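Each chain, written out:
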Amino acid sequence: MHLAPRALRRAAAAATIALLATAVGCAPQPEEDSAAKPSGSSTGTTCAKGKLATETSGKLTIATDEPAYEPWFKDDKPANGKGFESAVAYAVAEQLGYDKSAVVWQSVPFNKAFAPGEKTFDFDINQVSISAERKKAVDFSSGYYDVRQAVIALKGTKAAKATSIADLKGLKLGAQVGTTSLNYIEDVVKPTRQAAAYAKNDQAKSALKNGQVDAIVVDLPTAFYITAAEVTDAEIVGQFENQGGTPEQFGLVLDKGSALTSCVTDAVDTLRENGTLAKIEQQWLSDAVDAPVLK
């Protein structure tokens, strides 16, 4: 935004003071034209702690899917502060100036979080990978977690013996719809059989247990939790290498053009730089250690 001049110049000569004072009085004054501001732009006070232009004044509305899976959340209760994403959400909230009592949780289905249309939340946290395609419909914060995708199969099966991407091509693979996991099946594995897409991860896990698919693809931390606590007769076959130079990252989802985007991004960047994100990751995702890499 360009400010209109309040005075053309100042002169030191005493003889011109009166003329300059008159000129200032008649000069056009700055106009507050909100329409001229870029979408999602911020003024100097936009990021004032606890005083953001949120959905509900004085509150921060955070959305995630239901059920809320471990290890991202604990006991299907996003508000308890337990689990990686719950802890990250509250850390971001605190950075923005909102304590735990000022945070309101909202249930939003995974696909709806980044679908086109006005949002009812301030930001969504639900293992949503940042992508150019999704950025057409929503804003993202900077990444709060670097992630890899992994393959799970029942122990003793042909799928469990896979050591390369080529070994996966003839298998029936499944993943949750709208996820990077499904993209990896279609774009990296390129199987000879059509992938099975499920509305929920629970459905994908059931399909694996019932033999409807040979293997499923999920993010690596989720893979460790599934094999340790939910489908204990399954194992992690391996993980995929990140494609391209930029690692896949989860980002907080905001309304397209949201005035909060830069504030939330600054908060995430601060938490990464001061080591808070690393500490939260170590606390809640410490089991997500290296798995064999499928090439």
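For clarity, every value in this text was computed on a predicted model and none was experimentally measured.

Asks: I'd like a description of the overall build of the protein chain, backed by residues and values.
Replies: Counting its secondary structure elements, the protein chain contains eight helices and eleven strands. Residues classed as buried in the protein chain amount to 46% of the 295 residues present. Pairs at least 24 apart in sequence give 71% of the contacts found in the protein chain among residues at least 6 apart.

Asks: Describe the state of the cysteines, naming the residues involved and giving the relevant values.
Replies: Across all of its chains, the model carries one disulfide by this definition. Paired by a disulfide, Cys47 and Cys263 hold their sulfur atoms 2.0 Å apart. Taking the torsion about the sulfur-sulfur bond, which here is approximately -90°, the covalent link between Cys47 and Cys263 counts as left-handed. Taken as a pair, Cys47 in the loop between helix H1 (17-26) and strand S1 (60-64) and Cys263 in helix H7 (residues 261-273) lie far apart in primary sequence, 216 residues in all. Taking the relative accessible area as the measure of exposure, Cys263 reaches 3% and is therefore buried.

Asks: Any details on the pattern of salt bridges? Residues and values, ideally.
Replies: The final tally for this structure, using the stated rule, is nine salt bridges. Of the charged contacts in the structure, one is a salt bridge between Arg272 and Asp146, with a shortest N-O distance of 3.8 Å. Pair noted here: Arg272 is in helix H7 and Asp146 is in strand S4 (residues 138-146), with a separation of 126 residues, a long-range link. Given a relative accessible area of 38%, Asp146 falls into the partly exposed group. Note that Arg193 is salt-bridged to Asp214, the shortest N-O span being 3.7 Å. With Arg193 in the loop between helix H4 (180-189) and strand S7 (196-198) and Asp214 in the loop between helix H5 (201-209) and strand S8 (215-219), this residue pair connects regions lying 21 residues apart in the sequence. By relative accessible area, Arg193 is classed as partly exposed at 42%. When salt bridges that share partners are traced, they join Asp202, Lys205 and Glu230 into one network.

Asks: Got a sec to walk through the layout of surface pockets? Specific residues and values, please.
Replies: There is about 380 Å³ of room inside the largest pocket. Ser129, Ile130, Ser131, Thr180 and Glu248 are the residues nearest the centre of the largest pocket, which is lined by 15 residues in total. When residues in the lining of the largest pocket are grouped by element, the largest group, five residues, is from H4.

Asks: Could you give me a rundown of the side chain of Thr64, with the residues and numbers involved?
Replies: Residue placement: Thr64 occurs in strand S1. Within the structure, the side chain of Thr64 is placed 2.8 Å from the backbone oxygen of Ile125, a separation counted as a polar contact. With residues near it in sequence (within four places) discarded, Thr64 still touches Phe73, Pro78, Trp105, Gln106, Ser107, Val108, Asp124, Ile125 and Asn126.

Asks: Could you give an account of the packing of aromatic side chains, with specific residues and numbers?
Replies: Applying the stated criterion to the full structure yields eleven aromatic pairs. Geometrically, the ring pair formed by Trp72 and Phe250 is edge-to-face, given 5.6 Å between the ring centres and 70° between the ring planes. With Trp72 in the loop between S1 and helix H2 (84-96) and Phe250 in strand S10 (residues 249-255), this pair connects stretches of sequence that are 178 residues apart. When sorted by exposure, Trp72 lands in the same class as Phe250, which is buried. Ring centres 6.1 Å apart and planes at 90° place the aromatic pair Phe73 and Trp105 in the edge-to-face group. One end of the pair, Phe73, is in the loop between S1 and H2; the other, Trp105, is in strand S2 (residues 103-107), and 32 residues separate them in sequence. Taken as a pair, Phe73 and Trp105 share a single burial class, namely buried. The rings of Trp72, Phe84, Tyr144, Tyr145 and Phe250 are connected pair by pair, giving a single aromatic cluster. The aromatic ring of Tyr90 is capped on one face by Lys100, whose charged end is 5.2 Å from the ring centroid. Directly above the ring of Phe114 sits Arg134, whose terminal nitrogen or CZ lies 4.2 Å from the centroid.

The rules we used
- Residues numbered from 1 in each chain as written.
- Predicted model: local features only at pLDDT ≥ 70, side-chain atom pairs only at ≥ 80, totals over all residues.
- Heavy atoms only, no water.
- Helix = DSSP H or I, 4+ residues; strand = E, 2+ residues; numbered from the N terminus.
- Buried < 20%, exposed > 50% of the residue type's maximum accessible area, 1.4 Å probe, protein only.
- Contact = heavy atoms within 4.5 Å.
- Disulfide = S-S within 2.5 Å.
- Salt bridge = Lys/Arg side-chain N within 4 Å of Asp/Glu carboxyl O.
- 1 Å grid on protein atoms, 1.4 Å probe; cavity = no way out; pocket = protein on both sides within 12 Å on 5 of 7 lines; lining within 4 Å.
- Points joined across faces, edges and corners; volume = space filled by probe spheres on them.
- Polar contact = N/O pair within 3.5 Å; in protein donor to acceptor, adjacent residues only side chain to side chain.
- Phe/Tyr/Trp six-rings, centres within 6.5 Å; stacked < 30°, edge-to-face > 60°.
- Lys NZ or Arg CZ within 6 Å of the ring centre and 35° of its normal.

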